[in-house]
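Understanding the architecture of this molecule
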Amino acid sequence: MSSEIIEVKQLTKKFKAKVAVDNVDFKIRKGEIFGLIGPNGAGKSTLLKMIGGLIYPSSGKIHLFDHAVQENHSYFERMGLLIENTGVYPNYSAYKNLDLIAISYGLKDRQRYINDLLKLVGLDRTHKKKVKNFSMGMKQRLGIAVALIGSPDVLILDEPINGLDPQGISEIRKLILDLNKTGITIIISSHILEELSKVATKYVILHHGKVIENISKEELLLQCENRIELEVDEAKMAIPILEKNLGIQRYKVINERIIHIHDTHVESQQIVKTLAENGVFVHYITKHKQSLEQYFLERTGSGGDTHD
Ligand SMILES: Nc1ncnc2c1ncn2[C@@H]1O[C@H](COP(=O)(O)OP(=O)(O)O)[C@@H](O)[C@H]1O
Ligand SMILES: [Mg+2]
């Protein structure tokens, strides 16, 4: 099997005239934590429902585990879903809720299975407490436990940290990282890039149903890292001076005139002075600072979409 576990091609979903997901292409590799980011109404839930087999695409293809799913729907069974409604009973405990689902799956040795699952998601001490008395974070963890029944290869979590307090967010993040360590591929959506920045290994930004960016964690962090941007007559003249006289090692030559310096130990004035002393004239120098959120907003517009 190739390392691509999911591939969507030209995936489109229309609701009458509304195009909710518009010709989306991407691949997800085995073991990735794939972050799907987009403002409200961008099409995240619609896209995840198609990948999870809950709704049919209007056009396009979904390949799961190297098979086109039109040919065999059983591949959807290897996906665990937490999308919108978790469908749990508020008057039952976490254990009872999971037990009902485990029965419907025909699982053997249910008691041990459920106790292990409760422990995994950190709900093993809730005992008889009814779900209606759970905190938001506990409910989300129960939702993840529900999605994990049947030991899926891929876990799809639609905005699992929406509305949680910082403590809840950090618990869910830890759980996601722990689950990923066991080998599960995870797809997680959010309308806040920052929330996913500590977990996802890959990011796709969705806007008006279209993929507007597909970027690795390393690339994203580099984009958002503090840097000095510098314009000179000839970058190739400046580089040896920056390296030798100032000990700068982390830089990127953008074109013949522009250099981005990622080393933070040097001040702008020092760079201008040293280059001038060595006959290189600096046309322009600026400190570039961009938070993940600014990066996201710049690409999606500050207002975001609204549900209509
Ligand atoms: N069942 C539906 N019928 C009609 N329009 C829908 C339906 N589901 C979603 N939409 C529309 O599709 C767009 C994308 O919605 P959604 O996938 O829920 O976005 P997100 O999850 O990113 O907030 C929105 O404009 C929404 O109103
Ligand atoms: Mg949604």
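As recorded in an unreviewed UniProt entry, the protein chain goes by ABC transporter ATP-binding protein and comes from Ornithinibacillus sp. 4-3. Check the Sequence similarities (unreviewed entry) section of the UniProt entry for the protein chain; it says "Belongs to the ABC transporter superfamily."

1. Regarding the overall build of the protein chain
The helix and strand tally for the protein chain stands at 10 helices and 14 strands. Principal-axis analysis of the C-alpha atoms gives the protein chain an extent of 80 × 45 × 40 Å. Here the protein chain holds 308 residues, and 46% of them are scored as buried. Within the protein chain, contacts between residues at least 6 apart in sequence are counted, and of these 68% link residues at least 24 apart.

2. Quick look at the pairing of strand β2 (residues 18-29)
Note: strand β1 (residues 4-15) against β2, eight bridges, orientation antiparallel. Across the sheet, lysine 14 pairs through a bridge with valine 19, a residue of β2. From the end of β1 to the start of β2, which pair antiparallel, there are two residues, and lysine 16 there has a positive phi angle of about 50 degrees.

3. Quick look at the packing of aromatic side chains
What describes a pair of aromatic rings is the distance from one ring centre to the other and the angle between the planes of the rings. Tallied over the full model, the rule gives three aromatic pairs. Considering the side-chain rings of phenylalanine 26 and phenylalanine 34, the 4.8 Å spacing of their centres and the 35 degrees angle between planes classify their relative orientation as tilted. For phenylalanine 26, a relative accessible area of 4% puts it in the buried group. Of the residues examined, phenylalanine 34 reaches a relative accessible area of 0% and is grouped as buried. Relative to tyrosine 75, the ring of phenylalanine 65 has its centre 6.3 Å away and its plane inclined at 40 degrees; by these criteria the two rings are tilted. Of the two residues, phenylalanine 65 is situated in the loop between β4 (59-64) and β5 (67-68) and tyrosine 75 in the loop between β5 and β6 (79-82); the sequence distance between them amounts to 10 residues. Taken individually, phenylalanine 65 and tyrosine 75 each receive the classification buried, so the pair is uniform in this respect.

4. Let's talk about the pattern of salt bridges
On inspection of all chains with the given rule, the structure shows 18 salt bridges. Each of Lys174, Asp178 and Lys181 takes part in one network of salt bridges that share partners.

5. Re the sheet that holds β5
Reading across from one edge, β2-β1-β4-β5 is the order of the four strands in this open sheet, with antiparallel pairing throughout. Because the sheet does not close on itself, it has two edges, and the strands there are β2 and β5. With five bridges joining them, β1 and β4 adopt antiparallel strand pairing. Note that in β4 the partner of threonine 12 across the bridge is serine 59.

6. Digging into helix α4 (residues 136-148)
Here α4 is 13 residues long and its end C-alpha atoms lie 18 Å apart, about the 18 Å a rise of 1.5 Å per residue gives. Counting buried positions along α4 yields 11 of 13 residues, so the element is predominantly enclosed. Within α4, burial applies to Gly137, Met138, Gln140, Arg141, Leu142, Gly143, Ile144, Ala145, Val146, Ala147 and Leu148. Looking at the buried positions of α4, the neighbouring elements they touch are β6, α2 (94-105), α3 (110-120), β7 (154-158) and α5 (166-181).

7. Comments concerning the environment of serine 190
As for its placement among the helices and strands, serine 190 is situated in strand β8 (residues 185-190). Separated by 151 residues in sequence, serine 190 and proline 39 place their C-alpha atoms 8.1 Å apart. Reaching out from serine 190, the side chain makes a polar contact with the backbone nitrogen of isoleucine 192 at a distance of 2.9 Å.

8. Comments concerning the pairing of β7
With five of five residues buried, β7 is to be regarded as a mostly interior element. Residues Val154, Ile156 and Asp158 of β7 are buried on one face, and the alternating residues Leu155 and Leu157, pointing to the opposite face, are buried as well. Here four bridges tie β6 to β7, and the two strands are oriented parallel to one another. Directly across from leucine 81, in β7, lies its bridge partner isoleucine 156. Bridging between β7 and β8 involves five bridges; their strand directions are parallel. Each residue of the ladder has a partner; that of leucine 155, found in β8, is isoleucine 186. Of the crossover connections in this fold, the one passing from β7 over α5 to the parallel β8 is right-handed.

9. As for the site of ligand 1
The environment of ligand 1 is formed by 13 residues, the closest being Gly41, Gly43, Lys44, Ser45 and Thr46. Here an oxygen atom of ligand 1 and a side-chain polar atom of lysine 18 are 3.4 Å apart. Side-chain polar atom of serine 45 to an oxygen atom of ligand 1: 2.8 Å apart, as the coordinates give it. Coverage of ligand 1 by the protein amounts to 73% of the 560 Å² it exposes when considered alone.

Cut-offs applied
- Residues numbered from 1 in each chain as written.
- Chains lettered and ligands numbered in written order.
- Predicted model: local features only at pLDDT ≥ 70, side-chain atom pairs only at ≥ 80, totals over all residues.
- Heavy atoms only, no water.
- UniProt positions renumbered as here; feature names shortened; annotations may be inferred.
- Helix = DSSP H or I, 4+ residues; strand = E, 2+ residues; numbered from the N terminus.
- Buried < 20%, exposed > 50% of the residue type's maximum accessible area, 1.4 Å probe, protein only.
- Contact = heavy atoms within 4.5 Å.
- Pairing = 2+ DSSP bridges.
- Phe/Tyr/Trp six-rings, centres within 6.5 Å; stacked < 30°, edge-to-face > 60°.
- Salt bridge = Lys/Arg side-chain N within 4 Å of Asp/Glu carboxyl O.
- Expected span 1.5 Å × (residues − 1).
- Polar contact = N/O pair within 3.5 Å; in protein donor to acceptor, adjacent residues only side chain to side chain.
- Right-handed = clockwise from strand over helix to strand, strands pointing away.
- Near = heavy atom within 4 Å.
- Areas by Shrake-Rupley, 256 points an atom, 1.4 Å probe, with all protein chains shown as cover.

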